[in-house]
Structures are given as C-alpha cells and as structure tokens.
Amino acid sequence: MANSFENYQRRKLISSYFSVVLSIALVLFLLGILGLLVLNTKKMADRSKEQITISVFLKENTKEIEIEQLQKTLAMSEYTKSSTYVSKEEAAKQHSEEIGEDFVDYLGYNPLKNSIDVKLNADFVTAEKVEEIASTLSEKGFVDEVSYDKVLVSMVAKSVETIGFWILVASAIFTFIAVLLINSSIRLSIYSKRFIIKTMQMVGATKTFIRRPFIWQNIKLGMIGAAIALLAIGGVVYYVNTNFQDLGLFDEPYILVILFVSVFLLGILISFISTYFATQRFLNLRTDELYY
C-alpha cells in the first residue's frame, strides 16, 4: 500500500515537473522567435532601403575624367552603398529587353543618356536626406538631371517606422503573457506543496530555508525548459537560413549569441521571481486559508 502511494506521488511529481518544463519551453520558444524577428527587423529594413536608387544622368558632352571624378567622389561619400556607371548603350539594351523590342531601331537614335546609379546606405534613406543628396549632385555642371522615386522613399521610411513600432508593441505584450504563463505553471506546482510549506513553517523553519529548495528546483526546471527552447529555436534558424539565405541570419553571429543567452537567462530569471513570490504567498497564509 505504501509503495503504491509512493509511486502515485512520484508520478504526480514528475507530471508536475513535466508541465512546468513544457510550459517554460513553449513560452521561451515563442519569445525567442519574436526576439529573432525584433533583432533582425533593422537588418531587413536596411536591405529594403538600400534597394532604392538615385540615377544621376550626365550631359552628352561630359568628359571621361569628369565621370571618373564623380565616381571617386561618390565612392568616398558616407551616404553611398554602391555606385554603377551605366552607358546609354547599356541602358538601351536593358530597356529593350524589358519592353520586348528594340526601340533604338524604331526611333533611329538612342534618346537615353549616360548615368550613374547610386544606391544609398540605409541611414540616409529619408525624404530630407535623399533630397539634400540629389540637390548636391545636381549642382555639378556636367550633371543633366538627378532622378529618384520620391513616393517610394517616403513610403519605405514610413512603413519601416510603423512596422518597427508594432513589433515592439507585440514584443511587450508577448513578454507579459509569457511571464504570466510561466508564473501560473510554477504557482500550480507549488500550490500542491502548500501544506508541506506550512508544516515546515510551523516547526520553526525560516522563510529563507523553506524557500531555497523550491527556488533551486524551479531554476533547474527553467534551465531545462530554456535548453529545450533553444534547441527548437536553433532548428528554426537553421531551416530558415538554409531555405532563405538572402536573410543572412548567420552574417552577424553575435545577434544569435545575444538572443540565445537572453532566452536562457530569461528562463532562469522568470523561474526565480515566480517561485519567490509563489512561496511567499503561501508562507504568509494562515493555516485555515490553505483550503481555499
């Protein structure tokens, strides 16, 4: 009979530990994925901004040395990501491929101009800065026109700000929910031991002495849950990087290190705080309140 009761208690204890570990692992996994999105938001936003091109069209009588000087100036400018010289012959060929016919043969001449396509660093892709750069380039005597999509620049900048804001809001909400879920799981685990806690207190054990084994036990469970979550996050990162290499998740490995360390420490921190306050609650209850 005693063995049967002990086996029952052991199974109940294992079930309790398993539910705590599982809840911690699931919540930290979701937080980790969200954190990965947050940490890579700027990178993805920067890539979108750096696709915007300023086209500097040159006058027909522009000398080769002037073109070379402009290219060197652009290469040395902090706002330049890359610059490419496009001759009017290359431009005509590209345009003909796009429209599906040779418009030069149709017109009898090439109306296009030599140009330099400039891609900007992401930090300079705002309506004000792009306009300032375009104005500066237009002042050069051999530059005929500077063209870029003003609507696209404004739209990209605004979209990036909006997306960044809502991602931060979602992160805050999910973090709050995660803390509540993990806290609830740990509280339920400790609730089943409330009579043991009160008995120890009644025989003279201090609150610190009573609380210590519960905190240590749940910290270990938090570490196990965090380890499981990190394995799952690692699998997702590997899959995404293999199938969507353009995202470049491994280009900046320190971001992944920060994420993994943060998730692991968060599992420990939440487990510690939740256990501390859960045990404190039962330590402060009167004996007759334990039945409610």
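Residues numbered from 1 in each chain as written. Predicted model: local features only at pLDDT ≥ 70, side-chain atom pairs only at ≥ 80, totals over all residues. Heavy atoms only, no water.

Focus: the pairing of strand β3 (residues 115-120)
Two faces make up the sheet, and in a regular strand the side chains alternate between them. The condition that has to hold: For two strands to count as paired, DSSP must find a minimum of two bridges between them. In DSSP terms, a helix is any run of H or I states spanning at least four residues, a strand is any run of E spanning at least two, and both are numbered starting from the N terminus.
One ladder, built from five bridges, connects strand β1 (residues 53-58) with β3; its direction is antiparallel. Within β3, the position partnered with Ser55 by the bridge is Asp117.

Brief notes about the side chain of Ser274
Basically, it comes down to this: In protein, a polar contact requires one atom able to donate a hydrogen and another able to accept it; more generally it is a pair of N or O atoms within 3.5 Å, and residues adjacent in sequence count only if both atoms are side-chain atoms. Any pair of residues with heavy atoms lying within 4.5 Å of one another is described as a contacting pair.
Looking at the secondary structure, you find Ser274 in helix α9 (residues 253-284). Here the side chain of Ser274 touches Ile270 through a polar contact of 2.8 Å, landing on its backbone oxygen. Those residues in contact with Ser274, other than ones at most four positions away along the chain, are Asn183 and Ile186.

Some details on the packing of aromatic side chains
Filter applied, for reference: Stacked, edge-to-face and tilted are the three classes for Phe, Tyr and Trp ring pairs, Trp counted by its six-membered ring, which pair at centre distances within 6.5 Å; planes under 30 degrees apart are stacked, over 60 edge-to-face, the rest tilted. A simple rule labels every residue: compare its accessible area, found with a 1.4 Å probe on the protein chains alone, to the largest value its type can have, and call it buried under 20%, exposed over 50%, or partly exposed in between.
Counted under the stated rule, the structure contains three aromatic pairs. When the centroid spacing of 6.4 Å and the interplanar angle of 70° are considered together, the rings of Tyr79 and Phe124 count as edge-to-face. With Tyr79 in the loop between α2 (64-76) and β2 (80-86) and Phe124 in the loop between β3 and α5 (127-138), this residue pair connects regions lying 45 residues apart in the sequence. A single burial state applies to Tyr79 and to Phe124, both of which are buried. A network of ring pairs unites the aromatic residues Phe272, Tyr276 and Phe277 as a single cluster.

Some thoughts on the confidence of the model for the protein
Cut-off, in case you're wondering: The predictor attaches a confidence to each residue, and that confidence, scored 0 to 100, is pLDDT.
Taken residue by residue, the protein gives an average pLDDT of 77. The fraction at 70 or more is 83%. The weakest mean pLDDT in the protein belongs to helix α4 (residues 103-107) at 60; the strongest belongs to β3 at 87.

Notes on helix α7 (residues 194-202)
The α-helix advances 3.6 residues per turn, and as a result positions three or four apart in sequence lie on the same side. For clarity, the cut-off: Taken from the helix axis, the directions to the C-beta atoms give the arc we talk about.
Along α7, the residues that are buried comprise Arg194, Ile197 and Lys198. For α7, the arc enclosing every buried residue in end-on projection is 95°, short of the 170-degree limit, so these residues lie on one face. Just downstream of α7, Gly204 is the residue with a positive phi angle, here 105°.

Considering a nonpolar patch on the surface
Inclusion rule: Patches in this entry comprise residues that are over 30% relatively accessible and not in a salt bridge; like charges within 9 Å are linked, as are nonpolar side chains (Val, Leu, Ile, Met, Phe, Trp, Tyr) within 5 Å. In short, Shrake-Rupley with a 1.4 Å probe defines the accessible areas, and a residue's cover is counted only from the protein chains shown. Here, a salt bridge means any side-chain nitrogen of Lys or Arg that lies within 4 Å of a carboxyl oxygen of Asp or Glu.
A cluster of nonpolar side chains, namely Ile173, Phe176, Ile177, Leu180 and Leu181, defines an oily patch on the protein surface of about 470 Å² accessible area. Within the element layout of this structure, Leu180 appears in helix α6 (residues 150-191). The class for Leu180 is partly exposed, based on a relative accessible area of 42%.

Digging into the environment of Gln201
Among the structural elements, Gln201 can be located in helix α7. Expressed as a C-alpha distance, the spacing of Gln201 and Leu283, which sit 82 residues apart in the sequence, is 7.5 Å. In contact with Gln201, other than residues within four places in its own chain, are Lys207, Ile210 and Leu283.

Observations regarding the pairing of β1
Across four bridges, β1 lies against strand β4 (residues 143-147) in antiparallel orientation. Bridge pairing in β4 links Ser55 to Ser147.

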